[in-house]
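Residues per chain, in single letters:
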Protein chains: 2
Amino acid sequence: MTISHVARLAKVSTATVSRALTAPETVSLATRERVLSAVAQTGYTPNRAARSLRVQRTMSVLVVVPWQITPFFSDLLLFLDRALAARGYSMLIGDLADRAEQEPRLVNLVAAGQVDGLILLNGEILAAGGRRVDEMGIPIVGLCVPAAPSVPAVLVEDRKGGEAVAHHLLALGHRRFGYLSGPPGNFNEIERCAGFCEALAEAGIAATEIVRYRGSFHVSTGAAAAVQFLDASDRPTAVFCASDMMAIGFMLKLQAHGLAVPADVSLVGFDGIELGTFCAPALTTVVQPAEAMARAAAERFVALLGDDETAGPCDRLPVSLRLGGSTAPPAARH
Amino acid sequence: MTISHVARLAKVSTATVSRALTAPETVSLATRERVLSAVAQTGYTPNRAARSLRVQRTMSVLVVVPWQITPFFSDLLLFLDRALAARGYSMLIGDLADRAEQEPRLVNLVAAGQVDGLILLNGEILAAGGRRVDEMGIPIVGLCVPAAPSVPAVLVEDRKGGEAVAHHLLALGHRRFGYLSGPPGNFNEIERCAGFCEALAEAGIAATEIVRYRGSFHVSTGAAAAVQFLDASDRPTAVFCASDMMAIGFMLKLQAHGLAVPADVSLVGFDGIELGTFCAPALTTVVQPAEAMARAAAERFVALLGDDETAGPCDRLPVSLRLGGSTAPPAARH
């Protein structure tokens, strides 16, 4: 029996359960009664770590990121630092990717009361044994990815971004498409791909007709995909890359081989990093609102600490297509 | 009277002083006697935080980086994470740049024994009031920059890198040079610039003849410098940029304006990030040995914890010039 069960039964967050038990004066009488009733029903025993945790604020947040820190995450972390600082918080960055042995250390940091809560940019933590953290009754906010069903998150409209790319390329007259993926199982890339493929399917282009390239969001995988593109006889006329860095790697590799963008192929990225605006041609991309995402995550976090239960489980912030010179109508067939 | 005074007098590190006082069985008898004698001479009273700190290892390191996390730092942090993990350590990342109010939080984290020590990629911390950390008797290692005179550091041969760039460009026949700087006061950029200018001076080219562009290591400042370059009537034939991202911004902006590298100008960067190898042409650059730097810093850190005083105050790792297609002999004058 965990604090999550109590929270679900009482229809409040795990943070509120913790506060109701450790600092009852900070929650309303009605909330306290709901929580105590749920505690009685479930037989839940709060652990000492969770109890001691709420006594003193550290004004620090642990931000957990997946390795490696891409240019987009670098921007996002900078905005997050500012947004948290504006609310009196400082942040520490930690990672857990591919390293199960770090998880106990994260738990220790939380249990020792060195941070007031977590912002997770890595959705695999709670799924991969980080449950203990989820049960400690501290605020957790997902950013970019849903950390767990019970955890509120600030997401973007990845799927609509993929759709917008498809609509833009279809409107230019493209009919033969390529898609360069992110790492397997990545939440964002799955959504982006789904939106892209569904919009193409509506235009009569089957998913099986789309040339697939495998990437990992890293620039080198964009360059590798470009080599595959160059080696194929039947090339797509437009390629959607699931991140800007991959699109930039793709573009640079093509240019190094004497091909021109968009004359030989139209390219679209996803993220909206500044580097894309300096490319020649500037990269057409789906812009994620990094500053608004950071602000929303900081607000969510502070609201959780402050016992605000009014917000829903997830924010979905809109993305926007930014047109650069990397997309154009397909060249006439030779 | 601080632990630093004791350490200086006893000719050991502050970490050793701390260990001699809190875990005397871990240091040699001779060392312990030297420390106790120095303590007696200085009248130093170790504080409780420092004492409690050594009781239990957390196996965590706090890595303090300057904002923002550039692609080079992203690579370096990845290698550092691996190098520390190989030695049983995990790392947290924090920053203090431009934010004096974070310093007490860092001190708290250290005092609470949540980390065993610090690796500082930001040399301004200890100078800007971080002395309290320096006096807590925990291991501190500088990386890329010397954190303080008393702190061992892993540096690279920035100056020799600048010299190598000058020699390469002189050998190609260049006589009119530009230099794109990093942020004011940055240790690395000062060294790189000094090496470049001194080598040019030896070839009879005065520092006043070098066209100066101001940058901040950021890609956008490279693009801005390219605009200045384009607007000038008397252009240098070769530009040395103090970071790869600036060189890439410079190159992309020139290409967007229809100029060619190296036909219209030779470009050289500094760092050796992967993105530079994908540029068309590939960027000539000074490669910092990121993996070796990370390994050396991790080794330094573990040696300090283990009371190893044999290493000198600083490592200076060699850099190497990597030739790409972005440098060539200057075009004949029109």
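Up top you'll find the structure we're talking about.
First, a word on scope: everything that follows refers to the structure included in this document.

### Some thoughts on the overall build of chain A
Piece 1. When its secondary structure is counted, chain A shows 14 helices and 12 strands.
Piece 2. Split into buried and exposed, the 334 residues of chain A put 58% on the buried side.
Piece 3. In chain A, once contacts between residues fewer than 6 apart in sequence are set aside, the share between residues at least 24 apart is 75%.
Piece 4. Split by element, the accessible area of chain A, about 13,100 Å² in all, is 54% carbon and sulfur.

### Looking at unusual backbone geometry
Working note: non-glycine residues mostly have negative phi, and peptide bonds are mostly trans.
Piece 1. Following V261(B), the chain continues to P262(B) via a peptide bond in cis, the omega torsion being 5°.
Piece 2. Inspection of the secondary structure assignment puts P262(B) in the loop between α12 (244-256) and β9 (266-271).
Piece 3. Omega for the bond connecting A280(B) with P281(B) falls within 30 degrees of zero, at 0°, which places this linkage in the cis form.
Piece 4. Tracing the chain through its elements places P281(B) in the loop between α13 (274-278) and β10 (284-287).
Piece 5. The phi torsion at D271(A) lies on the positive side, around 140°, for a residue other than glycine.
Piece 6. Relative to the elements of secondary structure, D271(A) occurs in strand β9 (residues 266-271).

### Brief notes about the side chain of D244(A)
Residue and element names in this part refer to chain A.
Piece 1. Here D244 is to be found in helix α12 (residues 244-256).
Piece 2. For D244, which is buried and forms no salt bridge, the nearest opposite charge comes from R322, at a distance of 5.3 Å.
Piece 3. From its side chain, D244 meets the backbone nitrogen of G272 in a polar contact 2.6 Å long.
Piece 4. A polar contact is formed between the side chain of D244 and the side chain of T285, at a distance of 2.5 Å.
Piece 5. Dropping the residues within four chain positions of it, D244 is found in contact with G269, F270, D271, G272, I273, L283 and T285.

### As for the packing of aromatic side chains
Piece 1. According to the stated counting rule, one finds 17 aromatic pairs over all chains in the structure shown.
Piece 2. Aromatic side chains F240(A) and F270(A) sit 6.5 Å apart centroid to centroid with 40° between the ring planes, which places their arrangement in the tilted category. Residue F240(A) is found in strand β8 (residues 238-241), and its partner F270(A) is found in strand β9; the two are separated by 30 residues along the sequence. The same class applies to F240(A) and to F270(A), which are both buried.
Piece 3. Between Y89(B) and F301(B), the ring centres sit 5.6 Å apart and the planes meet at 85°, which makes this aromatic pair edge-to-face. With a gap of 212 residues between them, Y89(B) in the loop between α5 (71-86) and β2 (90-94) and F301(B) in helix α14 (residues 290-305) connect regions that are remote in the sequence.
Piece 4. Looking at Y89(B), the relative accessible area reads 3%, which means it is buried.
Piece 5. Judged by relative accessible area, which is 0%, F301(B) ranks as buried.
Piece 6. An aromatic cluster is defined as three or more aromatic residues linked by ring pairs; in this entry it consists of F177(A), Y179(A), F196(A), F240(A) and F270(A).

### Topic: α12(A)
An α-helix turns once every 3.6 residues. As a result, residues three or four positions apart point the same way.
Residues and elements named next belong to chain A.
Piece 1. Between its terminal C-alpha atoms α12 stretches 18 Å, which fits the 18 Å expected from 13 residues at 1.5 Å a residue.
Piece 2. Burial analysis of α12 places 10 of its 13 residues in the buried class, which makes it a mostly covered element.
Piece 3. Note on α12: the residue one or two positions beyond its end, G258, has a positive phi of about 85°.

### Thoughts on the environment of E291(B)
Residue and element names in this part refer to chain B.
Piece 1. Mapped onto the elements of the fold, E291 is located in helix α14.
Piece 2. E291 gets classed as partly exposed once you look at its relative accessible area, which sits at 44%.
Piece 3. Each C-alpha atom, one on E291 and one on L80, is 7.6 Å from the other, the two residues being 211 residues apart in sequence.

### Looking at the relation of the copies chain A and chain B
Piece 1. When chain A is fitted to chain B, the residual RMSD is 0.1 Å, and the transformation amounts to a turn of 180° plus an axial shift of 0.0 Å. Given the turn and translation reported, the copies of this chain are related as if by a two-fold rotation axis. In terms of C-alpha distance to the rotation axis, chain A has I93(A) as its closest residue, with the C-alpha 2.3 Å off the axis.

### A few points about the environment of P281(A)
Piece 1. For the pair P281(A) and V261(A), spaced 20 residues apart in sequence, the C-alpha to C-alpha distance is 7.1 Å.
Piece 2. Beyond its immediate chain neighbours, meaning those up to four positions away, P281(A) contacts M251(A), Q255(A), V261(A), P262(A), G325(A) and S326(A).

### So, the pattern of salt bridges
All names here are of chain A.
Piece 1. The final tally for this structure, using the stated rule, is 16 salt bridges over all chains.
Piece 2. One salt bridge in this structure joins E299 and R87, with 3.2 Å as the shortest N-O distance. Of the two residues, E299 sits in helix α14 (residues 290-305) while R87 sits in the loop between α5 (71-86) and β2 (90-94), which places them 212 residues apart along the sequence.
Piece 3. Between R176 and D234 there is a salt bridge, with its nearest N and O atoms 2.6 Å apart. Remark: D234 occurs in the loop between α11 (219-231) and β8 and R176 occurs in the loop between α9 (158-171) and β6 (177-180); sequence separation between them is 58 residues.

### Details of the interface of chain A and chain B
Piece 1. Facing the 42 residues of chain A at the interface are 42 residues of chain B.
Piece 2. For the pair chain A and chain B, the summed buried surface comes to about 3,400 Å²; carbon and sulfur atoms form 63% of the total.
Piece 3. In this assembly, chain A and chain B are joined by 0 salt bridges.
Piece 4. Scanning the region where chain A abuts chain B turns up 5 residue pairs in polar contact (both at pLDDT 80 or more).
Piece 5. For the side of chain A that touches chain B, the elements supplying multiple residues, two or more each, are β1 (60-64), α5, β2, α6 (103-111), α11, α12 and α13 (274-278) of chain A.
Piece 6. Considering only residue class, the side of chain A that touches chain B consists of 23 nonpolar, 12 polar and 7 charged.

Rules of the game
Residues numbered from 1 in each chain as written. Chains lettered and ligands numbered in written order. Predicted model: local features only at pLDDT ≥ 70, side-chain atom pairs only at ≥ 80, totals over all residues. Heavy atoms only, no water. Helix = DSSP H or I, 4+ residues; strand = E, 2+ residues; numbered from the N terminus. Buried < 20%, exposed > 50% of the residue type's maximum accessible area, 1.4 Å probe, protein only. Contact = heavy atoms within 4.5 Å. Areas by Shrake-Rupley, 256 points an atom, 1.4 Å probe, with all protein chains shown as cover. Lys, Arg positive; Asp, Glu negative; His and termini not counted. Salt bridge = Lys/Arg side-chain N within 4 Å of Asp/Glu carboxyl O. Polar contact = N/O pair within 3.5 Å; in protein donor to acceptor, adjacent residues only side chain to side chain. Phe/Tyr/Trp six-rings, centres within 6.5 Å; stacked < 30°, edge-to-face > 60°. Expected span 1.5 Å × (residues − 1). Least-squares fit on C-alpha atoms with pLDDT ≥ 70 in both. Buried area = accessible area lost by both parts, 1.4 Å probe. Nonpolar A, V, L, I, M, F, W, Y, C, P; charged D, E, K, R; others polar.

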